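The residues making up each chain are set out below.
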Amino acid sequence: MFQRLNPAPTLAVHLDFDGRSIAADTGETVAAALLAAGIGQFRDTPVEGRPRAPYCMMGICFDCLVEIDGVPNRQACMVVVADGMKIRRQHGARDAA
Amino acid sequence: MSPVQPTGAFDAIVVGGGLVGAAIAWGLAREGIAAALLDEGDQAFRAARGNFGLVWIQSKGDNRPEYAHWTRRSAELWPSLANTLAEETGIDVALAQPGGLHFCLSEAEMEERGQMITRMHNQSGGIGARLLDRAEVQDMVPGLGPEVRGASFSPADGHASPLYLLRALHAGFIERGGRYLPNRSVDRIDPAPNAFTVLCGAERFAAPKLVIAAGLGSRRLAPMAGLEVPVDPLRGQIMVTERMQRFLDLPTVFIRQTAEGSVMVGDSHEDVGFDNATTPAIMQDIARRSIATFPALADKQIVRAWGALRVMTPDGFPIYEQSIRYPGAFAASCHSGVTLAGSHALALAPAIAAGTLPPSLDSFNSGRFHVSAA
């Protein structure tokens with residue numbers, strides 16, 4: 001669905017998304033990498049459980065929230081990929097404890 | 001763009017589209033009054049956009065029984081307000097009144113709260129407020145930090161969404177035929193007894209009744225109609241966390257979890273004039289107190305923060321008055337637009353519609369600021 005503007009991505013950065021291996025370009029954001037890999041749902045909402053994906057891609061809308069390396073509610077569009085990152089779909093509200 | 005000029009005549013004009021003005025306007029519309037609501041716009045300081053959202057009773061009216069009773073009445077009227085707004089507009093303002101806690105982080109504070117509860121009980125009658133020791137508070141809320149010694153508790157306290165409340169009041173007002181007029185900054189008021197003309201740019205609005213509820217703008221506008229509202233700004237800063245699973249059902253004076261799961265923390269009181277900025281020192285202080293109370297908040301992300309200007313009278317109590325020189329002109333001002341929304345919509349507005357404020361509001365006249373220096 002989404003295509004990178006960069007015609008020659010390195011695909012040298014390896015991510016794990018809910019157990020699936022994803023190759024990302026150096027310097028791109030987690031949101032860009034997941035979208036390029038065809039992932040359409042990043043989370044479901046805390047109140048009504050509705051599916052969400054990135055909307056603004058610039059840090060404003062908070063719709064792209066995912067868990068990254070054990071930290072919930074990270075903005076995928078604001079985090080640059082790093083090799084070995086473990087990313088999980090965010091389900092509902094994070095824990096309060 | 002050609003200017004629309006809905007210059008017109010109404011039964012009443014309310015100046016101020018914040019929580020106080022909108023609650024009164026909605027209440028007037030319920031009384032069958034054809035009202036116009038003039039709202040200034042984004043350049044105004046708009047305290048109603050910065051509220052914390054407490055419907056707070058336990059500490060209101062210490063040494064001022066009239067204010068204690070007015071506040072308690074508002075809490076009693078709130079369920080009817082929330083239900084009516086939900087029926088009319090479909091908007092749930094998330095009212096919950098499970099009782100509220102004021103945490104004490106020192107023995108001195110425990111002592112002080114205990115004395116306040118006794119004093120208010122003796123002055124204004126009991127509302128079931130009591131002091132809880134640490135063990136009792138732990139039974140009510142989980143995850144308390146070690147510094148929490150106890151809390152004062154009142155079963156009358158609650159909270160609501162201030163933004164949904166504002167939206168619902170506006171929607172309900174319009175639904176009942178009220179005329180909402182945004183981006184109207186009032187330049188001048190031409191007063192006469194029961195005949196007022198309000199000038200906004202090239203527009204003129206006329207009505208036999210006028211309500212000044214313009215927050216910090218009231219200081220300038222009130223004298224134009226023979227009223228006096230000597231209010232000054234008092235800044236409060238608030239931070240909002242990411243949404244999380246529910247852990248705190250009871251509102252507290254500086255931490256509450258919203259219906260959506262965000263945690264709001266705040267309650268600074270800063271005399272800094274018309275500066276509504278946020279400052280790191282205050283936010284650090286708020287964060288420190290919040291984490292001392294609930295250590296699990298330490299790793300939660302802050303997603304928004306703002307400063308807003310409370311509308312404060314010299315003694316902190318509201319002003320309600322009708323002009324002696326120009327009957328038909330009323331002023332209403334307070335810093336508790338959420339708590340007092342029930343009273344404003346369902347008690348004050350009907351009184352304004354009838355043309356006379358009740359004797360129970362006599363002591364809220366601005367005349368109290370003119371004690372002679374004999």
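Conventions adopted
Residues numbered from 1 in each chain as written. Chains lettered and ligands numbered in written order. Predicted model: local features only at pLDDT ≥ 70, side-chain atom pairs only at ≥ 80, totals over all residues. Helix = DSSP H or I, 4+ residues; strand = E, 2+ residues; numbered from the N terminus. Rg over C-alpha atoms; globule rule 2.2 N^0.38 Å. Buried ≥ 20, exposed ≤ 12 C-beta atoms within 10 Å, placed from the backbone. Contact = placed C-beta atoms within 7 Å. Nonpolar A, V, L, I, M, F, W, Y, C, P; charged D, E, K, R; others polar. Domains from an automatic or database assignment. Pairing = 2+ DSSP bridges. pLDDT = per-residue confidence, 0-100. Axes fitted to C-alpha atoms, helices over the stretch in contact; angles between N-to-C directions. Expected span 1.5 Å × (residues − 1). Bend = angle between axes of the 7 residues up to and from the residue. Arc of directions from axis to C-beta. Parallel < 35°, antiparallel > 145°, perpendicular 65-115°, else oblique. Left-handed = near helix turned anticlockwise from the far one by under 90°.

1. Focus: the overall build of chain B
Here is step 1: A count of helices and strands for chain B gives 8 helices and 19 strands.
Here is step 2: A compact globule built from 374 residues would reach a C-alpha radius of gyration of about 21 Å, and chain B, at 21 Å, matches this within 12%.
Here is step 3: The buried share among the 374 residues of chain B stands at 46%.
Here is step 4: The contacts of chain B with a sequence gap of at least 6 include a subset with a gap of at least 24, amounting to 75%.

2. Examining the overall build of chain A
Here is step 1: Within chain A, the secondary structure is distributed over 1 helix and 7 strands.
Here is step 2: When its helices and strands are written in sequence order, chain A yields β-β-α-β-β-β-β-β.
Here is step 3: For chain A, whose C-alpha radius of gyration is 13 Å, the value lies close to the compact-globule estimate of 13 Å for 97 residues.
Here is step 4: Once the C-alpha set of chain A is aligned to its principal axes, its extents read approximately 40 × 25 × 20 Å.

3. Quick look at the interface of chain A and chain B
Here is step 1: Each partner contributes residues to the interface: chain A has 9 residues there, and chain B has 11 residues.
Here is step 2: The residue makeup of the side of chain A that touches chain B, split by class, is 6 nonpolar, 1 polar and 2 charged.

4. Notes on unusual backbone geometry
It is generally the case that most residues other than glycine have a negative phi and that most peptide bonds are trans.
Residues and elements named next belong to chain B.
Here is step 1: A positive phi angle, near 65°, is found at asparagine 63, a position not held by glycine.
Here is step 2: Considering the arrangement of structural elements, one finds asparagine 63 in the loop between strand E4 (54-55) and helix H2 (65-89).
Here is step 3: You will see that asparagine 194, though not glycine, has its phi angle at about 55°, which is positive.
Here is step 4: Topologically, asparagine 194 is positioned in the loop between strand E10 (188-192) and strand E11 (195-200).
Here is step 5: Judged by local crowding, asparagine 194 falls into the partly exposed class, with 14 C-beta atoms found within 10 Å.

5. Topic: the domain arrangement of chain B
Here is step 1: Along its sequence, chain B is organised into domain 1 (8-51 + 163-230 + 317-366), domain 2 (100-155) and domain 3 (232-312).
Here is step 2: On a C-alpha basis, the centres of domain 1 of chain B and domain 2 of chain B stand 37 Å from each other.

6. Focus on the pairing of strand E7 (residues 150-154) of chain B
Residues and elements named next belong to chain B.
Here is step 1: Among the 5 residues that make up E7, 5 are buried, leaving the element largely enclosed by the rest of the structure.
Here is step 2: The alternating pattern of E7 places Gly150, Ser152 and Ser154 and Ala151 and Phe153 on opposite faces, both of which are buried.
Here is step 3: Alignment of strand E5 (residues 100-104) against E7, held across 5 bridges, turns out to be antiparallel. Looking at the pairing, cysteine 104 lines up with glycine 150 of E7.
Here is step 4: The sheet contact formed by strand E6 (residues 130-133) and E7 spans 4 bridges and is antiparallel.

7. Side note on the confidence of the model for chain B
Here is step 1: Here chain B averages 95 in pLDDT, while 98% of its residues score no lower than 70.
Here is step 2: Across the predicted assembly, pTM comes out at 0.92 and ipTM at 0.82.

8. Quick word on the sheet that holds strand E15 (residues 255-257) of chain B
Strand pairing in a sheet is mediated by backbone hydrogen bonds. Such pairs are either parallel or antiparallel.
All names here are of chain B.
Here is step 1: Ordered by their spatial adjacency, 4 strands build an open sheet running E15-E16-E14-E17, and the pairing between neighbours is antiparallel. Of all strands in the sheet, those with a lone pairing partner are E15 and strand E17 (302-312), marking the two edges. The sheet shows a mean angle of 25° between the axes of neighbouring strands, direction not considered.
Here is step 2: Sheet analysis places E15 next to strand E16 (residues 263-265), joined by 3 bridges and oriented antiparallel. Following the sheet pairing, isoleucine 255 is matched in E16 by valine 265.
Here is step 3: Helix H7 (residues 280-293) contacts strand E14 (232-241), E15, E16 and E17 of the sheet and is inclined by roughly 55° relative to E14.

9. Comments concerning helix H8 (residues 341-354) of chain B
Residues and elements named next belong to chain B.
Here is step 1: Here H8 spans 19 Å end to end across 14 residues, near enough to the 20 Å set by a 1.5 Å rise per residue.
Here is step 2: Largest kink in H8: about 35°, centred on leucine 348, with the proline proline 350 one to four residues after it.
Here is step 3: Counting buried residues in H8 gives 10 out of 14 residues, a clear majority hidden from the surface.
Here is step 4: If you check which residues of H8 are buried, you get Ala341, Gly342, Ser343, His344, Ala345, Leu346, Leu348, Ala349, Ile352 and Ala353.

10. Some points on the sheet that holds E6 of chain B
All names here are of chain B.
Here is step 1: If you walk across this open sheet you meet the 3 strands as E5-E7-E6, and the pairing is antiparallel. Either end of the sheet is taken by a strand with one partner, and the two such strands are E5 and E6. Shown here is a sheet whose adjacent strand axes are inclined to one another by a mean of 30°, direction ignored.
Here is step 2: Running at roughly 155° to E6, helix H3 (residues 107-124) makes contact with E5, E6 and E7 of the sheet.

11. Some points on the confidence of the model for chain A
Here is step 1: Here chain A shows a mean pLDDT of 95. Residues at 70 or above account for 100%.
Here is step 2: Confidence, read as mean pLDDT per element, is least for strand E6 (residues 71-75) of chain A in chain A (95) and greatest for strand E1 (residues 13-17) of chain A (98).

12. Some words on H3 of chain B
All names here are of chain B.
Here is step 1: Here H3 is 18 residues long and its end C-alpha atoms lie 25 Å apart, about the 26 Å a rise of 1.5 Å per residue gives.
Here is step 2: Residues of H3 that are buried: Arg113, Ile117, Met120 and Ser124. End-on view of H3: buried residues confined to an arc of 75°, all on one side of the axis. Exposed side of H3, more than 90 degrees from the buried face: Glu107, Ala108, Glu111, Gln115, Thr118, Arg119 and Asn122 are the residues found there.

13. Let's talk about the packing of helix H1 (residues 19-30) of chain B against helix H5 (residues 162-175) of chain B
All names here are of chain B.
Here is step 1: Two elements in contact, H1 and H5, have axes separated by 9 Å at closest approach and are oriented at 30°. It follows that H1 is roughly parallel to H5 by the angle criterion. As for the relative orientation of H1 and H5, their crossing is left-handed in sense. On H5, the residues touching Leu19, Ala22, Ala23, Ala25, Trp26 and Ala29 of H1 are Leu165, Leu166, Leu169, His170, Gly172 and Phe173.

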